[in-house]
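# Chain and residue survey
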Amino acid sequence: MNLVFFDIECAGVHKTYAKICAFGYVMCDEKFNIIEKRDILINPKGRFELTDRRGDKGIVLPYNYDEFKNYPKFSAVYPEIKALLENKDNVVIGHAVLNDVKYLNLETKRFRLPSFKFSFADSQMFFMASINDFSRQFGLEFIAQELGVEFTPHRAADDAYATMKVVEAMCKKHDCDFFGLTAILGFTAGKISNYNVTPPQCSSYRKYKQLKNKEKFERAQKRIEFNNNVTRRRQKVKGRLTGKKFNFSRKIEDNTAISLDLVDKIYELGGFYCQRVEECTHYVTIQDDDSDRTKKAEAAGKIILTLEQFGELLND
């Protein structure tokens with residue numbers, strides 16, 4: 001079996017198209033001896049849209065953009081790419097590969113071509129599984145730097161080469177070949193067929209998702225409990241908090257062992273609890289909270305109180 005590492009660069013990506021301008025790949029044997037490394041350059045049939053309207057916050061491809069009009073369009077190179085990826089003797093691997101598979105899907109639809117049909121592995125998922133951290137996405141440049149791999153970012157063939165070196169480094173770390181690595185990580189390949197894409201999976205990621213779903217469900221239950229407490233009918237009273245309207249940060253609201261008692265205390269002292277930060281006069285948060293809700297309260301000029309300061313106000 002050969003291992004085929006591939007990467008795609010686009011002149012612009014939209015929900016209805018991905019103007020592929022480069023398809024790079026490295027083919028090697030199971031011992032990572034390179035058989036072929038190649039960049040297939042493609043006329044994207046459209047202008048390059050790699051930055052925002054101000055001309056920044058975008059990537060710069062290490063190519064001469066003006067030359068792309070001289071290359072064949074995607075439909076012309078499609079048979080070659082399809083044969084490479086669908087060859088049963090090839091194992092296909094990419095980095096954050098779902099993006100690249102999505103681009104292939106969009107281009108086949110744009111040019112009205114038959115869907116690709118192949119299985120694929122993801123080096124990003126390999127890395128996240130090997131360090132057991134799925135809390136964020138790890139870019140190819142970050143991982144390559146961690147593993148001492150040098151390459152030219154965003155040159156498709158070089159990105160494919162870096163992906164190969166990343167997988168090779170993980171195989172060395174675990175003292176196994178590629179197939180041994182997939183077994184160790186409990187990896188299941190992703191698939192594309194008939195324009196439908198099934199994401200790749202691994203056992204530790206499934207456990208991570210189960211845990212996050214459990215936490216999400218528990219937060220939702222606490223949110224329901226908190227909201228039911230806030231919206232229940234209360235007798236109006238006058239006190240030193242009369243005229244003051246409060247809102248808590250999410251982290252305080254979700255800690256119902258504390259927040260429910262605090263809301264009761266607000267009403268006992270004549271205050272009111274708002275469910276929208278825009279409506280409050282006082283916003284209560286924990287120290288160093290940089291959540292969107294807290295930023296919104298600060299931008300709106302609300303009186304910001306730490307939990308400790310709020311406690312002093314209640315007990316004044």
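First, a word on what this report is: a plain description of the structure on this page. Source: prediction; values computed, not measured.

### Details of the nonpolar core
Among the nonpolar cores identified, the biggest contains 32 residues, and Leu3, Phe5, Phe32, Ile93, Phe126, Val167 and Phe178 are the most heavily contacted of them. For this core, the leading source of residues is helix α5 (residues 156–174), giving seven residues. Setting aside anything within four residues of it in sequence, one finds Phe178 in contact with Leu3, Val91, Ile93, Ala121, Phe126, Val167 and Cys171. Grouped together as the second largest cluster of nonpolar side chains are 28 residues, Phe23, Phe74, Ile81 and Leu104 included.

### Quick notes on unusual backbone geometry
Located in the positive-phi region is Phe32, a residue other than glycine, with phi close to 65°. Mapped onto the elements, Phe32 comes out in the loop between β2 (17–28) and β3 (34–41). Assessed through its relative accessible area of 11%, Phe32 is described here as buried. Phi is positive for Asp175, which is not a glycine, with a value near 55°. Judged by its relative accessible area of 73%, Asp175 is exposed.

### Let's talk about the sheet that holds strand β11 (residues 272–273)
Sheet architecture is open: four strands sit in the order β11-β10-β12-β13, paired in parallel fashion. Each edge of the sheet is formed by a strand with only one pairing partner; in this case those strands are β11 and β13 (303–306). Pairing of strand β10 (residues 245–248) with strand β12 (residues 282–285), which is carried by three bridges, proceeds in the parallel orientation. Considered in β12, the bridge of Phe248 is made with Val284. Relative to the sheet, helix α10 (residues 292–299) contacts β10, β11, β12 and β13, its axis offset from that of β12 by approximately 145°.

### A look at helix α1 (residues 74–86)
For α1, built from 13 residues, the straight-helix expectation of 18 Å at 1.5 Å per residue is met to within 8% by its first-to-last C-alpha distance of 17 Å. Along α1, the largest kink reaches about 30° and is centred on Glu80. Among the residues making up α1, those that are buried are Phe74, Val77, Tyr78, Ile81, Lys82, Leu84 and Leu85. Those residues of α1 hidden inside the fold are in contact with β1 (2–14), β2, β3, β4 (90–94), α2 (97–110) and β5 (118–122).

### What about the pairing of β3?
Bridge count between β2 and β3: seven bridges; the pairing is antiparallel. Within β3, the position partnered with Ala22 by the bridge is Leu41. Counted along the chain from β2 to the antiparallel partner β3, the turn is five residues long, and its residue Phe32 has a positive phi close to 65°.

### Examining the packing of α1 against α2
Two elements in contact, α1 and α2, have axes separated by 11 Å at closest approach and are oriented at 135°. Put simply, α1 runs oblique to α2. Along this stretch, α1 crosses α2, giving a crossing that reads as left-handed. Residues Phe74, Tyr78 and Leu85 of α1 lie in contact with α2, whose contacting residues are Leu104, Glu107 and Thr108.

### Some points on the environment of Leu147
Its location among the elements puts Leu147 in helix α4 (residues 140–147). In the structure, Leu147 is positioned 62 residues away from Leu85 in sequence and 27 Å away in space, judged by C-alpha atoms. With near-sequence residues (within four places) excluded, Leu147 lies in contact with Val166 and Ala169.

### Remarks on the sheet that holds strand β8 (residues 196–198)
One open sheet holds the seven strands; their spatial order is β3-β2-β1-β4-β5-β7-β8, and the pairing between them is mixed. Edge positions in the sheet fall to β3 and β8, since each of these pairs with one other strand and no more. Neighbour-to-neighbour, the strand axes of this sheet turn through a mean angle of 25°, independent of strand direction. Here 10 bridges tie β1 to β2, and the two strands are oriented antiparallel to one another. Paired with Glu9 across the two strands is Ala22, which belongs to β2. The sheet contacts of α1 involve β1, β2, β3, β4 and β5, and relative to β2 the element is tilted by about 40°.

Rules used in this analysis
- Residues numbered from 1 in each chain as written.
- Predicted model: local features only at pLDDT ≥ 70, side-chain atom pairs only at ≥ 80, totals over all residues.
- Heavy atoms only, no water.
- Core = buried A, V, L, I, M, F, W, Y, C linked by side-chain atoms within 4.5 Å.
- Buried < 20%, exposed > 50% of the residue type's maximum accessible area, 1.4 Å probe, protein only.
- Helix = DSSP H or I, 4+ residues; strand = E, 2+ residues; numbered from the N terminus.
- Contact = heavy atoms within 4.5 Å.
- Pairing = 2+ DSSP bridges.
- Axes fitted to C-alpha atoms, helices over the stretch in contact; angles between N-to-C directions.
- Expected span 1.5 Å × (residues − 1).
- Bend = angle between axes of the 7 residues up to and from the residue.
- Parallel < 35°, antiparallel > 145°, perpendicular 65-115°, else oblique.
- Left-handed = near helix turned anticlockwise from the far one by under 90°.

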